[in-house]
Amino acid sequence: MAASMQRILLCVLGLFLVNYVQCAQNTNEDDALDYLDTHNSTAEVVYYDATVASWNFNTNMTDYNSDIMIQESIKASEFELDARHDVEVYNWTEFTYDTQRQLEKIYSVGSSALEGDELLRYNEVLSEMETIYSTATVCEPEDSETCYPLDPDLTAIMANSRDYNELTWAWEGWRQSTGADSDMKDLYEEFVVLANKAAELNSQPDMGAYWRSWYEVDDLKSDVMALWEDLRPMYEQLHAFVRGRLGQYYGREYVNPKGAIPAHLLGNMWAQQWNNILDLTTPYPDKPTIDVTDEMIAQNYTVDRMFQVSEEFFTSLGLIPSPPEFWEESMFTKPTDGRDVVCHASAWDFYNRKDFRVKMCTVVNMEDLLTIHHEMGHIQYFLQYKHQPVIYRGGANPGFHEAVGDVLALSVCTPEHLYEIGLLDEVSTDEETDINFLMSMALEKIAFLPFGLLMDLWRWEVFDGTITKDNYNERWWQLRTEYQGVVPPVPRSDFDGDFDPGSKYHIPANTPYIRYFVSFVIQFQFHKALCDKAGNTRALHRCDIYRSTEAGKALSDMLALGESLPWPDAMEALTGSRDMDVAPLVEYFQPLTDWLKDINEKEGNEVGWDPHWRPPSDEWTAPYCKENDGKEDCAQICTDLGYDYMCSCNMGYVLGEDMKSCIDVDECMVNEGRGPCEGMCSNTDGGFHCSCPDGEILMADGVTCFGEGDTSDDENLAETFLDHYNTRAQHVYYDQVSREWDYNTDVANEEKQDLMLEQSLVTSAFELEAQENASRFDRDDFTFDNNRQLEKLLYIGKSALEDEEELERYNELQAEMETIYSTAKVCEEVGGQSVCYPLEPDLTDLMASSRDYDRLVWAWKGWRDETGPYMKDSYEEFIGLSNKAAEANDQPDMGAYWRSWYEVDNLEADVMELWNEIQPLYWELHAYVRRKLSGQYGEDYVSPDGAIPAHLLGNMWAQSWGNILDIVTPYPDKPTIDVTDALQEQGYNATAIFKLTDDFFVDLGMIKVPESFWTDSMLEKPDDRDVVCHASAWDFYNGKDFRVKQCTEPTMDHLITAHHEMGHIQYFLQYKDQPVVYRDGANPGFHEAVGDVMALSVQTPEHLYKIGLLDVLDENDYETDINFLMSMALEKVAFLPFGLIIDLWRWRVFSEDYTPEEYNQKWWDLRMEYQGIVEPIGRHGDDFDPGAKYHVPANVPYIRYFVSHVIQFQFHKALCEAAKVVPGKQLHRCDIDGSHDAGQLLSDMLMKGSSQPWPEAMLAVANTTEMDAGPLFEYFEPLYEWLKEENSKYDVTPGWDKSWRPLGYSDFSTASVTTPGIILTMVLLICTLIMNRN
């Protein structure tokens, strides 16, 4: 019996499973179509009930109506979830397209994927947030009983008031009421969690991704960003003009001519559209503007009449009239019976194919007339697709729905149409009236674009976790300032609970917003297409399609599709194009754009804005992050917001509840105690450590175990390793660079030096481990990219020193030498007291400006005496350790290791070949400068045919000679290009110089530096500590922290250096998304060239005149041109042999061709041979003059600068050609400022980092794979010919007598050899006398 029952049960179970499998694989399309019919009928009922409940709440916000709305919403969600389960039984891969599309749309259910308490809470949170928004009021400061809602009161104040303080009160009060004084911020955090859970249940990583999926494109964000980049220049021109007019009205104190615009002055609570300040910004005030509000009031327009006017426009096109239910059930005005309502205008589809309504608190004015057309556009869309299945009753994409009413409003607001319907007395066609009209449209349309974009840029980052509750507000204002160029009038802070995004309806109502940005683009595409259908012959901005049934038919055909087809099909049906395109929008506004460019240039309205400027307010405070070593009262990291501060924590910690302390994260708690480790996990303070079982080793990803001695040809494993390496490397290098930064900006602080050295050991161990793991792969059949990444990990420099004591000593030696250099001072007795001078700025200024031969000798000798001898022994030891590291990297010595970075067979031969090509130009320059200096100082000090004393060339190292331009100017009566005086007279400081530099890059369409650059960089020398003043750019390897360290002075030399360093920063920004091993220049010279190539444009007279640093520009004067080229040659040509010899010397030191006893002599031999300079006084064997140059004790390879000084001219020529500089313009007068084509060409190369060998990068820019001195020669050709002629005229022969020495020179080299013998003789003599005496 039991066995029989068991068989029966198994049989029943089997039948059930067979039936289930058959159902799950239902391929019968007829069954699916029957289901869809049933679903559609039921959906109409369910959605009608839900929409009625929602309407009742929105038009009467009571708790009862809220509860009913939530209940009906849950019923609708349950219906959608049930429907999702229903369609899961179909295998629709072979169904027709339409059936597939309907089933797929039913399967995607949004928030309805939530169930039970989570779904209930989701709806409750939305209802609570919407209630906060819709019931918020702002009360009088002294009368809490007199309070104003948003509509119409606060909206009217923002539109009409011109009182700065009243606007501030309304603006701040609304944000206080909806944000800090409410629970909305906490609710929103809760909402984000629930929304993301719903997205995950819809197979999307977060709700932002779910929203973007509605557009059925691969990468919506990239698409809209590309559209914005095309539109940004137009917006920036409008912004500059409006800012100028607001500055005239409110004063420059409140509206800075270079700053962002205070957000409360633009006529709208959110500064999203600016048409309400047309009275302040009308281009031609004596000409009419197109605001017919007064005429509407004069004609006794009512709200009903406004809707009837809109209705008549639609029906004139042959479109569907609104049904009786629309006029009977809509809410056109705000009720006067005391009900709270949601005034935000909206259109409603009740899903029964006859009930369509608008909810709006309408006021009789032109703005609301246009809003009515927008909402009636939604109604028309509802009417057109009402025959479609419920699942298709939506816009082709969300932006289509928003565009339909707006495209008709483009006709309605034309002067022609307003005249036609009796709201204008006449139509003026003159250009000035036309510009006024376009300005009124631009204040609505163009002004909106960045706001329409950033709303969802912010939300997408919130949903994906980039933004957290702790920085909701901070990031909101970063985006608003970056994209809109607006700034809050008073401080806003996450610490104070501010939640300014919540002051905009679409945030608490959870209405996606990118649809509006899309709409503002495609409505102009629709407009152009409909105008063509209507036979329009006027300019696009004057087209009115009123009464064109042809246009109406074309529009109707598209609307009737609903979302039954992907939007490109709908777009194509109307416009003939499948893409979103800004061209029609640009065409519409082209006359205004041209006018704006002209007026901004004429009035000096600067395009762009300083994001750091803040308007005056008693609430703004001084920067916070000053105390406690820059931490204020934060435990770890303090970020200065300019008006507040924010605490954050290092990786491995989370911020405590007090928002200041940092709590360690125990990463090992998950995964059964293994955390992220494959083997064993041990928690550490701020991190974790993985270990492996015996016989296995830990890979460089820090988590994976690999069998000892194993090798693998598994490329998938290699890619996994590289991914883990990249993640961990960013953390390790961030820590390393942070420690180095701390030390370099406080170089005498031994604690910081120790911390840097400790971290250096950690970094080296990491690199050694990575090398070990990378060596485990058999890479013969790997792709080029994987092979290249692994190859780069095998060569790790000093980190290859496996003996920890040797590695520690290597780091100590380098730190000691750098400290000697950075803290050195030259002292003298002045008035009985010792006065000491550091290199920056004192000795540097003295070498640049003094013309006192002996004073220059004193400074020159003093610097070398205070640096070199103290580090020579350390350097000798350092060389030995460096070579040992090189050998561990399979190179014979460190010089060979450095040269291997260039991936050529013989770098030394290549650079020597370049030098031989350049040498004639240098020799002519040298001969000319020598003659001038001989005339200045006399032939005893500067021989007419000898080498030049090294201290007379305006620079501590005679590496560039620009500071002696006053002595060697070819035509002293003509202007020279040194704008130092102008910089100082105009009050430039370090920040202003770097802002100017950043603007240059941005104007090329390149990447703007992040906000943290300005807060974290060291742009000036601190007064309270020793620092390494040598200018440098820093990449912190986290993709967002990039800094410059420079002791900037307002001089032209430092202006050029700023461009050099910002070139490095731009390179960092461009390749920040590459794997860490590729975050470098194509070769080291490329990195040095990027900023310098920008400076070649910046230094042109044309550019300096353009930015106001030159008063006069004479483009055709030959003598002025030669003066300019001389100033450039003193910087560029003079440098070349110095850029060569530093590493020629070091390569020979590393290869042990030079002994320590010969270091100094060989140094001066090379400087004599290649530079033609001589030490002013003798130097002996104990001296170590190479150590007087930063790059030697800091161990920075130098041949990169020689390479850079060649290839920057190749880049310059290529960029000038890309910028289409006027044909015939000489290369040295080319300025690429503002050329996006040149910027794009350069960006394309920079973003590749070192992912390709440098010849490929060179080919992409300069159309050659070789380094070539030809463009350099072309640049200086006029000067070269002039120099040859000038030297010939004065019978000066290029080259120099190597045996000549200046007056005052003593041959200490001989003394240094004989002195030990003399001392030994004296000692022996004294000993003999003592012994004899005893």
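Scope of this entry: the structure provided in the associated data block. Note that residues are indexed from 1 along each chain, following the sequence as it is written. Residues qualify for local features only when their pLDDT is at least 70, as the model is predicted, and side-chain atom pairs are given and counted only at 80 or more; totals for whole chains, interfaces and linings, by contrast, use all residues. Side-chain measures here rest on the full set of heavy atoms in the structure, leaving out hydrogens and waters.

It is worth spelling out the environment of Leu 540 at this point. Counting from the N terminus, the helices are DSSP H or I runs at least four residues long and the strands are E runs at least two residues long. You can see Leu 540 is positioned in the loop between helix H21 (514-533) and helix H22 (549-559). The exposure class of Leu 540 is buried, given its relative accessible area of 7%. When the C-alpha atoms of Leu 540 and Ile 507 are compared, they prove to be 35 Å apart, with 33 residues separating the residues in sequence. Any two residues having at least one pair of non-hydrogen atoms within 4.5 Å are treated as being in contact. Excluding residues that lie within four positions of it along the chain, Leu 540 makes contacts with His 527, Lys 528, Cys 531, Pro 584, Glu 587 and Tyr 588. Per-residue accessibility, obtained with a 1.4 Å probe over protein chains only, is compared with the maximum for each type, and a residue is labelled buried under 20%, exposed over 50%, and partly exposed between these values.

With that settled, the discussion passes to the pattern of salt bridges. The term salt bridge refers to a side-chain nitrogen of Lys or Arg lying within 4 Å of a carboxyl oxygen of Asp or Glu. One pass over the full model with this rule turns up 70 salt bridges. Glu 791 is the salt-bridge partner of Arg 779, the closest N and O atoms lying 3.0 Å from each other. Of this pair, Arg 779 sits in the loop between helix H27 (750-774) and helix H28 (784-794) while Glu 791 sits in helix H28; the two residues are twelve residues apart in sequence, bridging distant segments of the chain. Judged by relative accessible area, Glu 791 falls into the partly exposed class, the value being 30%. Measuring nitrogen to oxygen at the nearest pair gives 3.6 Å for the salt bridge that ties Asp 1237 to Lys 1220. Within this pair, whereas Asp 1237 is found in helix H45 (residues 1236-1246), its partner Lys 1220 is found in the loop between helix H44 (1199-1218) and H45, the two being separated by 17 residues in sequence. When salt bridges with common partners are traced through the structure, they connect Lys 861, Asp 865, Arg 1179, Asp 1183 and Asp 1185 into a single cluster.

Here we come to the nonpolar core. Val 929 and Phe 1276 are the most contacted members of the largest nonpolar core, which totals 178 residues. Those residues in contact with Val 929 that sit more than four places away from it in its chain are Ile 948, Leu 953, Trp 961, Ile 964, Val 968 and Leu 1130. One finds Ala 199, Ile 372, Met 376 and Ile 379 within the second-largest nonpolar core, a separate group that totals 177 residues. Definition of nonpolar core: a set of buried residues of the types Ala, Val, Leu, Ile, Met, Phe, Trp, Tyr and Cys, connected through side-chain atoms within 4.5 Å.

On to unusual backbone geometry, then. A cis amide bond links Asp 151 with the next residue in sequence, Pro 152, at an omega value of 5°. Turning to its location among the elements, Pro 152 is positioned in helix H6 (residues 150-160). Cis geometry marks the peptide bond from Glu 840 to Pro 841; its omega dihedral reads 0°. Assignment of secondary structure puts Pro 841 in helix H30 (residues 839-849). Located in the positive-phi region is Met 659, a residue other than glycine, with phi close to 65°. If you trace the backbone, Met 659 turns up in the loop between strand E9 (653-655) and strand E10 (662-664). With phi around 60°, Asn 671 is a residue other than glycine that occupies positive phi space. Turning to its location among the elements, Asn 671 is positioned in the loop between E10 and strand E11 (680-684).

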